[in-house]
Amino acid sequence: MLRAKIQTTTLALCVLSAASTSLAQPAQQPTPPSQPAQSPQQAARRAYDEGSAHFQAGRVAEALTSFRRAYELSPHPVVLIPIIECHIRLDQVPEAIEAIERYLRDSPANAPNRAALESRLAELRRRPARVRVISSPTSARITLDGRDTSLRTPADLEVTSGRHIISLSMDGFVNASREIDATPGSQRSEEINLSRQPA
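Within each chain, residue numbers correspond to sequence positions counted from 1 in written order. pLDDT decides what is reported in this predicted model: residues at 70 or higher carry local features, side-chain atom pairs at 80 or more are listed and counted, and totals for whole chains, interfaces and linings draw on all residues regardless. Note: side-chain values were computed over all heavy atoms of the structure, leaving out hydrogens and water.

1. Quick look at the sheet that holds strand E3 (residues 147-152)
Part 1: Strand order in this open sheet of four strands is E3-E2-E5-E7, and the pairing throughout is antiparallel. Edge positions in the open sheet fall to E3 and strand E7 (176-182), since each of these has one partner strand only. Between one strand axis and the next, the sheet turns by 30° as a mean value, whatever way the strands run.
Part 2: Direction of pairing for strand E5 (residues 162-169) relative to E7: antiparallel, over a ladder of seven bridges. Counterpart to Ile 165 in the pairing with E7 is Glu 179. In short, DSSP must find at least two bridges between two strands for them to pair. Strands here are runs of E lasting at least two residues and helices are runs of H or I lasting at least four, both read from the DSSP assignment and numbered beginning at the N terminus. Every axis corresponds to a line fitted to the C-alpha atoms, with the helix fit spanning only the stretch in contact, and the corresponding angles, defined between N-to-C directions, vary from 0 to 180 degrees.

2. Some words on the packing of aromatic side chains
Two numbers describe a pair of aromatic rings. These are the distance of the centres and the angle of the planes.
Part 1: Stacked, edge-to-face and tilted labels apply to pairs of Phe, Tyr and Trp rings (six-membered ring for Trp) whose centres lie within 6.5 Å, assigned for plane angles under 30 degrees, over 60, and everything in between, in that order. In the structure shown here, the tally under the stated rule is one aromatic pair.
Part 2: With centroids separated by 5.0 Å and ring planes inclined at 55°, the aromatic side chains of Tyr 48 and Phe 67 adopt a geometry described as tilted. Here Phe 67 lies in helix H3 (residues 60-73) and Tyr 48 lies in helix H2 (residues 40-56), a separation of 19 residues in the sequence. Here Tyr 48 and Phe 67 have matching classes, each one buried. Relative accessibility decides the category of a residue: with a 1.4 Å probe and only protein chains considered, values under 20% of the type maximum give buried, values over 50% give exposed, and everything between is partly exposed.

3. What about the packing of helix H4 (residues 80-89) against helix H6 (residues 114-125)?
Part 1: Packing of H4 against H6 brings their axes to within 13 Å, and their N-to-C directions diverge by 25°. It follows that H4 is roughly parallel to H6 by the angle criterion. When you trace H4 past H6, the crossing you get is left-handed. For the pair formed by H4 and H6, the contact residues are Ile 81, Ile 84, Glu 85 and Ile 88 on the first element and Leu 117, Arg 120 and Leu 124 on the second. Should an angle lie under 35 degrees it is considered roughly parallel, over 145 roughly antiparallel, and from 65 to 115 roughly perpendicular; all remaining angles are considered oblique. Should the near helix be turned anticlockwise from the far one by less than a right angle, the crossing is left-handed, and should it be turned clockwise, the crossing is right-handed. Any two residues whose heavy atoms approach within 4.5 Å at even a single point are treated as in contact.

4. Description of the side chain of His 87
Part 1: Along the chain, His 87 turns up in helix H4.
Part 2: Not counting residues within four places of it along the chain, the set of residues in contact with His 87 comprises Leu 64, Arg 68, Gln 92, Glu 95 and Ala 96.

5. Examining the environment of Ala 129
Part 1: Along the chain, Ala 129 falls in strand E1 (residues 129-136).
Part 2: Assessed through its relative accessible area of 0%, Ala 129 is described here as buried.
Part 3: Residues Ala 129 and Thr 183 lie 54 residues apart in sequence; the distance between their C-alpha atoms is 6.2 Å.
Part 4: Setting aside residues up to four positions removed in sequence, Ala 129 forms contacts with Leu 157, Glu 158, Val 159, Ala 182, Thr 183, Gly 185 and Ser 186.

Below you can see the structure in the form of structure tokens.
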């Protein structure tokens, strides 16, 4: 695990350097006098540098904001790499998956980190979703896809991505069910209320 963390940090820092160089190239060209004082490329470079400083200082949320701004100003695929890293460190798995898919779609087929990101994407897609099940009244028995979980509300479930049916039951109440569509690594709450059985 420590080796994996070291490799991830090293990769992130290398990517920050590479992306900074990529953004810097257009900024080195002189700006004609008729142009605005700061071009979109220059603004992107500034936002990227801010993101790099935040990232290396451990301010991941702030880094993500700056990297996103850099990407909006100059949508170069390499800028998606630190965005992906920030999402992963913030445990934002669905957002990381979306950013990796965009990078793989927009980057060259021979991009040096394509294989590593394809492997990372496969791993993220296997992450279970977490579902917090609550009910009124509480202490309802929870069944997932027809199988008893031995849990009672409120409780947390881990489910694979895809469609699932959560069912609740309690003596004296009508059973209730809900279908959910879980995405990898997502977190959500489901409140299912039970009605008393007719007298």
